[in-house]
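The lines below spell out each chain.
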Amino acid sequence: MRREIPEVDTFAIVTFLPVPLLILAGIFGGIAAWASLIWIGLCLFMLDEIIARPSPDAPEGSEFPAADALSVALGGVHFLLLFLGVAALSGFTRLEGSSWIAVLLAFGLFFGQVSNSNAHELIHRSDRRLFLLGKWIYISLLYGHHSSAHRLVHHRFVATPDDPNSAQLGEGYWAFLPRAWIGSFVAGYEMERGRAARLPKPDPSAPLGQRVRALLARIGPYPSYVLGGLWFVMLFGILFGARGALAYLALCAYAQLQILLADYVQHYGLARARRGDGSYEPVDTRHSWDAPHPVTSLWMLNAPRHSDHHAHPGREYPALRLGQLDARQRPILPRSLPAMASLALIPPLWRRVMDKRVKALGQGKSATLRL
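As recorded in an unreviewed UniProt entry, the protein goes by Fatty acid desaturase domain-containing protein and comes from Thioclava marina. For the record of the protein, the UniProt heading Sequence similarities (unreviewed entry) holds the text "Belongs to the fatty acid desaturase type 1 family. AlkB subfamily." Listed under Subcellular location (unreviewed entry) in UniProt, the entry text for the protein is "Cell inner membrane".

Novice: Tell me about the overall build of the protein, and please be specific about residues and values.
Specialist: The helix and strand inventory of the protein stands at 14 helices and 0 strands. Ordered by position from N to C terminus, the α and β elements of the protein give α-α-α-α-α-α-α-α-α-α-α-α-α-α. In terms of C-alpha radius of gyration, the protein reaches 21 Å, essentially the compact-globule figure of 21 Å for 371 residues. Taken over the C-alpha atoms alone, the protein extends approximately 65 × 65 × 50 Å along its principal axes. Each of the 371 residues in the protein was classed as buried or not, and the buried ones make up 51%. Intrachain contacts of the protein at a sequence separation of at least 6 include 72% that bridge at least 24 residues. Accessible surface computed for the protein: about 16,900 Å², of which carbon and sulfur atoms make up 64%. Put simply, the protein has 36 plus and 27 minus side-chain charges, and the middle of one group is 6 Å from the middle of the other.

Novice: Could you give me a rundown of the UniProt feature "transmembrane region" (unreviewed entry) in the protein, with the residues and numbers involved?
Specialist: UniProt's feature table lists "transmembrane region" (unreviewed entry) at residues 20-47, 68-92 and 98-115, given in the numbering used throughout. Structurally, residues 20-47 is divided into 96% helix and 0% strand, and its ends, taken at the C-alpha atoms, are 20 Å apart. End-to-end, the C-alpha atoms of residues 98-115 are 25 Å apart, and along that stretch the chain is 94% helix and 0% strand.

Novice: So what's going on with a nonpolar patch on the surface? Residues and values would help.
Specialist: Residues Trp34, Ile38, Leu42, Met46, Leu47, Ile50, Ile51, Trp100 and Ile101 make up a contiguous nonpolar surface patch of about 800 Å² in total accessible area. Listed by contribution, the elements that provide at least two residues to the nonpolar patch are helix H3 (30-51) and helix H5 (99-122). Looking at the nonpolar patch element by element, the count peaks at 7 residues for H3. In this fold, Trp34 is placed in helix H3. Overall, the relative accessible area of 35% leaves Trp34 in the partly exposed class.

Novice: Explain the packing of helix H8 (residues 173-197) against helix H10 (residues 222-267) to me, and be specific about the residues and the numbers.
Specialist: Running from N to C, H8 and H10 point in directions that differ by 105°, and their axes come no closer than 9 Å. With respect to H10, the axis of H8 lies roughly perpendicular. Two secondary-structure elements touch here, H8 through Tyr173, Trp174, Phe176, Leu177, Ala180, Trp181, Ser184, Phe185, Gly188, Tyr189 and Glu192 and H10 through Tyr222, Tyr225, Val226, Gln256, Leu257, Leu260, Leu261, Asp263 and Tyr264. Of the residues that constitute the contact of H8 with H10, the class distribution is 15 nonpolar, 3 polar and 2 charged.

Novice: How would you sum up unusual backbone geometry? Please name residues and give values.
Specialist: Unlike most non-glycine residues, Ala52 shows phi in positive territory, near 55°. With respect to the element layout, Ala52 can be found in the loop between H3 and helix H4 (67-89). With a phi angle near 60°, Ala159 is a residue other than glycine that sits in the positive phi range. Inspection of the secondary structure puts Ala159 in the loop between helix H7 (146-157) and H8.

Novice: Can you break down the nonpolar core residue by residue, with the values?
Specialist: Core analysis: the largest hydrophobic core is formed by 86 residues, its most contacted members being Phe110, Phe111, Tyr264, Val265 and Trp350. Tallying contributions element by element places H10 first for this core, with 16 residues.

About the cut-offs
- Residues numbered from 1 in each chain as written.
- Predicted model: local features only at pLDDT ≥ 70, side-chain atom pairs only at ≥ 80, totals over all residues.
- Heavy atoms only, no water.
- UniProt positions renumbered as here; feature names shortened; annotations may be inferred.
- Helix = DSSP H or I, 4+ residues; strand = E, 2+ residues; numbered from the N terminus.
- Rg over C-alpha atoms; globule rule 2.2 N^0.38 Å.
- Buried < 20%, exposed > 50% of the residue type's maximum accessible area, 1.4 Å probe, protein only.
- Contact = heavy atoms within 4.5 Å.
- Areas by Shrake-Rupley, 256 points an atom, 1.4 Å probe, with all protein chains shown as cover.
- Lys, Arg positive; Asp, Glu negative; His and termini not counted.
- Charge placed at Lys NZ, Arg CZ, Asp CG, Glu CD.
- Patch = residues over 30% accessible without salt bridge, like charges linked within 9 Å, V, L, I, M, F, W, Y side chains within 5 Å.
- Salt bridge = Lys/Arg side-chain N within 4 Å of Asp/Glu carboxyl O.
- Axes fitted to C-alpha atoms, helices over the stretch in contact; angles between N-to-C directions.
- Parallel < 35°, antiparallel > 145°, perpendicular 65-115°, else oblique.
- Nonpolar A, V, L, I, M, F, W, Y, C, P; charged D, E, K, R; others polar.
- Core = buried A, V, L, I, M, F, W, Y, C linked by side-chain atoms within 4.5 Å.

Here it is, written out as structure tokens:
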């Protein structure tokens, strides 16, 4: 009989703790705005440094019946905060003065770290309803194509030149950002187009509903990514005017910066060896940077346990494992994932810290960059 454990409660406490502060920040600004930013941007890092030991892995076979419920709740919070954040930044609440900057940064960090981690979890779910929730979270951040590119491109080609979201040794974040964004959009579209081309044509004699579903499957999801994003821009423009549309675009841009920072940090410089037949070696723990830091792992739904996610994409976030930690044999980040993402914004400092670690692992011998 599988063992049931209550770890999901801890994820809920950490992810929901700043939500009341963010709501107060969006409505009133002031102390709440700066407190929420300090909590997300500084206190989580300090708690990681104080605790300084990873949470234990869940026992094999553990069940987490509340995991999906927390993801659904975080999905609802995402849309609530998105609406409130745009309203606040548009001048429709009591937010004023320098608090505007704190709200933009705090809300953007929540979307880029918690909402992204949650949506990433959901698009790996086999339950269609959960997948759609994750997809629409990404669409609401104008990053809907990630629902296709992450599953169909990144997981297949990670740590090879064919993956736009795997950063090469020596590649700075600001060079990586446009290459990864454009490359993943195009690569995801090509994969979806190839899948659609292999589907049978709708049977004219089939019931109408079946024919409509078959037709939509052949069209693929990219129209929903693009048109859905435009719908959100127009919605916030109608509700809050031109300032609302601009505020929404600013929040999405900052959230996307966070999402791409996670991709950049988690695979920087790591490359799978090429075999004699031209194929690549299987993905293992040597091809993702893990971060064992406990509090930010809870904050990001164990997204920093990245190598196990690549080994088991369908594994629920509380069950992701670190295993044996040995920085001499596998990629382990020296600080938490959000802390290293901040460092990556300054490429010379990032390279000074990380290039020697990549080379110590015997990696970084990658091929020419491709989109």
